[in-house]
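# Reading the structure
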Amino acid sequence: MKKIRRIFGKDIGAALFFLMPALILFTVFTAIPVVAAFFISFTHWDLFRPPTWVGLDNYTRLLHDPIFGKVMKNTAIFVLATVPLQMGLGLLAALALNRGIRGQTFFRVAYFLPAVTSTIAAALVWSWLFNSNYGLINAGLSMIGVDNVPKWLASTKWAMPAVIIVSVWQNVGYAMVLFLAGLQNIRADLYDAAALDNASGWSRLWHITLPMLSPTTFFVLVISIIGSFQVFELVFIMTEAGPANATNTLVYYIYQNGFQFYQMGYASAAAMILFAIVLLITMVQYTTQNRWVHYDT
Amino acid sequence: MKIISLASTLVALATPIMADTTVSFAYWGDPAELPPFERLVAEYEAANPGVTIDVQHAPWSGYWTRLDAQLAAGAGPDVFFVTNVPSYAARGALAPLDAHINASNFPINEYNQEALRPHSYDGQLYSLPRDNATLVLYYNKDAFDAANLSHPNDSWSWDELSDAAKALAVSSGGRTSRYGIVTESNNWDVWVSQNGGSIFDDGINPTTFKLDEPAAIEAIQYIGDMMNVDRSMPSYLEASQSGGTTQMFLSGQAAMSITNAARLGSYAKADFDWAIAPLPKGPQGLRSNVVGGAGFGLNSNAKDMDAAWDFLSYISGAEGQAIFASAAAPAVPAMNGNPMVQSSFSAPFAEVFLSETDNGKLTAQFPKWVDLQNLYIQPALDLVWNGEVDAATAIGSIADQVEAALAQQ
């Protein structure tokens, strides 16, 4: 409060007034539900009858739930695969499109389009592409001589890679746009100085571009990890968590327990675990950032 | 809603003679399915001056989110269209109907008794089925004639079906351009009962898991083999990606289709000749079909219970059932013991639908069924449908977990 007063001075009344719409929406649709979910996670609640307090029961059940174990493993695989891929490819695309090549506006739009396409529509189209019998992907694979084409979404081995491919395709453009903005903020005189020293392209990339880009990289890393943990629509449309739970991830499992099995307490407990994991990872990132993120310009 | 009920209460207090009642009624349905609902409401209002039916319609996809939220808030429509009845009854959202049925002499005996079972919970009836989702075998006559195959008839059993499906399947370069047959994903249990198997010892009060016994395993493997050995039937996932029974049969991508009367409307637009046959018999000559369809239930928080029951008993009575049975998108009536209802069901091949309805057999319907299916049974069956594991292994691997979950209930 003191800090707020120091920032706004005697205008605090006006400040609060202008913040009101956002504050009310945040309170009603985010803050209160999050706090409520915390309490619901200690209850059994089937949505219709009043909840009953059960202490840590939901959490101990989660520990012994083999499907939850599988869900956690799937989520970890998804995050570990999508985050480096979408960041790496996003950075490559940004570096390529930052060099003033011909038609760069077209490519920027082309790479960014998936990010603004409705996930539901994209997931549907990709499901058809992955269709093992009629799909374009397997048609292409058999044309280049692959005999044993994968069954993609029907296969326990290939369903997760398929979802990962679509997720990366969708998010690369977003990472690219952020990296592009970061690249354009790097001062040109740094490169001029490097040119005077006859620095090679690689060493300019390594000693100037990447360090100067690190605040952007840090931001992209944090939001990519958070976004990956929350994957839902792709799974919902493409596989419904199947086959045999091969693509069941945390948020989908929360949805299943809450809105298919009406176990709101259990779903809330899983949501709290998700919250704790994301919070922990983000905190670790913030505390270790001074080792590699350079804010000086 | 609150304002309407407050207003109607005030009106009722002020003018006791011209009492004005509002009954809210919620249902889902595509535009093609709505006319009978609209007609029912109009005719009921005409016959009952002073009663207003407040209609709350939503498409299937948005219906449940809204209904669940309304019920959770202790509100919701007085009369509503519902499935998974035991789950709603167990959580106290539905009012038991038995007392109302007895008090008003409702002709419950004219209903198919087996069709009432999935609408009951703990010995009480909680909703009245609108229809029975009876399955039949639709077949493309042109495809059969072109392949010189004799048409399906009521003496067919599994062997004839899978032989014909295999003969009708067309593939080239490892890709199938026409399957012999396409079926609905949620009806695998019909094959199990046709083979004399079952999912549980008792579909309503289960204590033992029976899907791991030979008769059931054999049925599951029979389906799996059509998908992965004969390649005469698409896996359920592939079928749904290809538009399901509607699209695949209509576009000629499947020569036969096992589905319900709801497809009559879309199949009418086919550019080939088709007909309907009963489902094939199991290897031992057993016949079986699905039982159940959505029903109409009474909100346990209904403001005016008697008025709500009166409306419910109208839409689920002979007149209401006749309107649903005679609609352009006809529903196979669940009240098939009533002559007027039976004669108003005038769908093409009506006699096949009616005789198949008598073979209906309940396999499972209890509060935890949705959970067990999604958590254990569906994931295990996925592995059979995609050909990764055989039926005995897949189902064997979940038997203990399902038994443990049943014991917990």
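Rules behind the numbers
- Residues numbered from 1 in each chain as written.
- Chains lettered and ligands numbered in written order.
- Predicted model: local features only at pLDDT ≥ 70, side-chain atom pairs only at ≥ 80, totals over all residues.
- Helix = DSSP H or I, 4+ residues; strand = E, 2+ residues; numbered from the N terminus.
- Buried ≥ 20, exposed ≤ 12 C-beta atoms within 10 Å, placed from the backbone.
- Domains from an automatic or database assignment.
- Axes fitted to C-alpha atoms, helices over the stretch in contact; angles between N-to-C directions.
- Parallel < 35°, antiparallel > 145°, perpendicular 65-115°, else oblique.
- Left-handed = near helix turned anticlockwise from the far one by under 90°.
- Contact = placed C-beta atoms within 7 Å.
- Nonpolar A, V, L, I, M, F, W, Y, C, P; charged D, E, K, R; others polar.
- Pairing = 2+ DSSP bridges.
- Core = buried A, V, L, I, M, F, W, Y, C linked by C-beta atoms within 7 Å.
- Expected span 1.5 Å × (residues − 1).
- Arc of directions from axis to C-beta.

## Description of the overall build of chain A
Helices and strands together make up the secondary structure of chain A, namely 13 helices and two strands. C-alpha atoms of chain A, sized along the principal axes, occupy 75 × 75 × 35 Å. Looking at the 297 residues of chain A, the share that counts as buried comes to 32%.

## Quick word on the domain arrangement of chain A
Domain boundaries in chain A define domain 1 (1-40) and domain 2 (58-291). The gap between the C-alpha centroids of domain 1 of chain A and domain 2 of chain A is 32 Å.

## A short note on the packing of helix 8 (residues 159-184) of chain A against helix 10 (residues 201-229) of chain A
All names here are of chain A. At a minimum axis distance of 9 Å, the contact between helix 8 and helix 10 shows a crossing angle of 160°. Judged on the interaxial angle alone, helix 10 and helix 8 are roughly antiparallel. Between helix 8 and helix 10 lies a crossing of right-handed hand. The residues of helix 10 that touch helix 8, namely those facing Ala175, Leu178, Phe179, Gly182 and Leu183, are Leu213, Thr216, Phe219, Val220 and Ser224. Its residues placed into classes, the contact of helix 8 with helix 10 shows seven nonpolar, three polar and no charged.

## Considerations on the sheet that holds strand 9 (residues 175-183) of chain B
Residues and elements named next belong to chain B. Pairing is mixed in the open sheet, where five strands are placed in the order 8-9-10-7-11. Of all the strands in the sheet, the pair left with one neighbour each is strand 8 (170-172) and strand 11 (274-277). In this sheet, adjacent strand axes meet at a mean angle of 25° when their direction is disregarded. Judged from the four bridges that link them, strand 9 and strand 10 (residues 254-259) form a sheet pairing that is parallel. Note on strand 10: the bridge partner recorded for Thr183 is Ile258. Taken strand by strand, helix 8 (residues 158-168) contacts strand 9 and strand 10, and its axis lies near 155° from that of strand 9.

## Side note on the environment of A:Val293
Residue and element names in this part refer to chain A. Looking at the secondary structure, you find Val293 in the segment after helix 13 (264-288). C-beta crowding within 10 Å serves as the criterion here: with 18 such atoms nearby, Val293 is assigned to the partly exposed category. C-alpha separation for the pair Val293 and Ala22, spaced 271 residues apart in sequence, amounts to 31 Å. In this structure, Val293 is in contact with Ser214, Pro215 and Phe218, ignoring residues within four places of it in sequence.

## Description of the pairing of strand 9 of chain B
Remember that side chains alternate between the two faces of the sheet whenever the strand is regular. All names here are of chain B. Bridge count between strand 8 and strand 9: three bridges; the pairing is antiparallel. Each bridged residue has a counterpart across the sheet, and for Val170 the counterpart in strand 9 is Arg178. Adjacent in sequence and paired antiparallel, strand 8 and strand 9 are bridged by two residues, among which Gly173 carries a positive phi angle near 60°.

## Thoughts on the interface of chain B and chain A
Tallying the contact residues gives 25 residues for chain B and 24 residues for chain A. Among the secondary structure elements, those contributing two or more residues to the side of chain B that touches chain A are helix 3 (60-72), strand 9, helix 11 (236-241) and helix 18 (369-385) of chain B. With eight residues, the single largest contributor to the side of chain B that touches chain A is helix 18 of chain B.

## Considering the domain arrangement of chain B
All names here are of chain B. Domain parsing of chain B yields domain 1 (2-131 + 293-348) and domain 2 (136-288 + 368-408). Inter-centroid distance (C-alpha atoms) of domain 1 to domain 2 is 32 Å. Contacts between domain 1 and domain 2 engage ten residues on the former and six residues on the latter. Partitioned by chemical class, the residues of the side of domain 1 that touches domain 2 number seven nonpolar, two polar and one charged.

## Points about the nonpolar core
Formed by 138 residues in total, the largest nonpolar core has its most connected members in A:Ala270 and B:Ile220. With 14 residues, helix 8 of chain A is the largest single contributor of residues to this core. If we skip the residues at most four places from it in the chain, A:Ala270 touches A:Leu62, A:Phe68, A:Leu250, A:Tyr253, A:Ile254 and A:Asn257. In terms of nonpolar packing, the next biggest core, distinct from the first, is built from 34 residues, A:Phe48, B:Val23, B:Ala93 and B:Tyr126 among them.

## Focus: helix 6 (residues 119-130) of chain A
A rise of 1.5 Å per residue sets the reference length of helix 6 of chain A, with its twelve residues, at 16 Å; its end C-alpha atoms lie 16 Å apart and thus fit the reference within 8%. The set of residues buried in helix 6 of chain A consists of A:Ala123, A:Trp126, A:Ser127 and A:Phe130. Taken down its axis, helix 6 of chain A places every buried residue within 110° of arc, on the same side. For helix 6 of chain A, the exposed residues lying more than 90 degrees away from the buried face are A:Ala121 and A:Val125. Packing partners of the buried residues in helix 6 of chain A comprise helix 7 (136-143), helix 8 and helix 11 (233-238) of chain A together with helix 11 of chain B.

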